[in-house]
Amino acid sequence: MRYRLTFVAGLALGYVLGTRAGRERYEQLKKSGQRIAQNPAVRNTAESAALQGREFAGKAFHTVSEKVGDRVPDSVADRVRSLRERNGAGGGGDDWGTSNT
């Protein structure tokens, strides 16, 4: 799915950059993109993917920290710990303005 999405995005970008249709077609594509981005199903899917990514990153950090041990810099460990505490305490969003819904 990710490769299809990347391909479609590249195809759209190539079309926009290479088109001779001009500004009018660009505006049509821009409005279509905004409509898709505002679709609740798309937004929910994006938020779910972000949440799964954060969960996977946490598991990966735990696995790596077990194998690496004390070789992880304290600054990294402190940052991860503070993020876990903030998210565990119900901090609604992350640094990118998305929610955990």
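Everything quoted here is computed from the prediction, not taken from an experiment.

Rules and cut-offs
Residues numbered from 1 in each chain as written. Predicted model: local features only at pLDDT ≥ 70, side-chain atom pairs only at ≥ 80, totals over all residues. Heavy atoms only, no water. Helix = DSSP H or I, 4+ residues; strand = E, 2+ residues; numbered from the N terminus. Buried < 20%, exposed > 50% of the residue type's maximum accessible area, 1.4 Å probe, protein only. Contact = heavy atoms within 4.5 Å. Areas by Shrake-Rupley, 256 points an atom, 1.4 Å probe, with all protein chains shown as cover. Expected span 1.5 Å × (residues − 1). Salt bridge = Lys/Arg side-chain N within 4 Å of Asp/Glu carboxyl O. pLDDT = per-residue confidence, 0-100.

## Quick look at the overall build of the chain
Counting its secondary structure elements, the chain contains 4 helices and 0 strands. From first element to last, N terminus to C terminus, the chain shows the α and β order α-α-α-α. Evaluated residue by residue, the chain yields a buried proportion of 4% over its 101 residues. Counted over contacts in the chain with a minimum sequence separation of 6, partners at least 24 positions apart contribute 26%. Accessible area of the chain: about 8600 Å², with a carbon and sulfur share of 59%.

## Brief notes about helix α1 (residues 2-18)
Over its 17 residues, α1 runs 24 Å from end to end, which matches the ideal 24 Å to within 8%, given 1.5 Å per residue. Counted residue by residue, α1 has 0 buried out of 17 residues, so it is predominantly exposed.

## A short note on the pattern of salt bridges
One pass over the structure, following the stated rule, counts 1 salt bridge. The closest approach of N and O atoms between Arg-81 and Asp-78, which form a salt bridge, is 2.9 Å. Separated by 3 residues within a single helix, Arg-81 and Asp-78 lie in helix α4 (residues 74-88), roughly one turn from each other. In this structure Arg-81 comes out as partly exposed when scored by relative accessible area, which is 44%.

## Observations regarding the environment of Val-16
Following the sequence through the fold, Val-16 ends up in helix α1. Measuring from C-alpha to C-alpha, the distance between Val-16 and Tyr-26 comes to 6.3 Å, with 10 residues separating the pair along the chain. Those residues in contact with Val-16 that lie beyond four places of it in its chain are Tyr-26 and Leu-29.

## Describing the confidence of the model for the chain
Confidence along the chain averages 79 in pLDDT terms, with 80% of residues attaining 70 or more. When mean pLDDT is taken per element in the chain, helix α3 (residues 40-68) scores highest with 87 and α4 scores lowest with 80.

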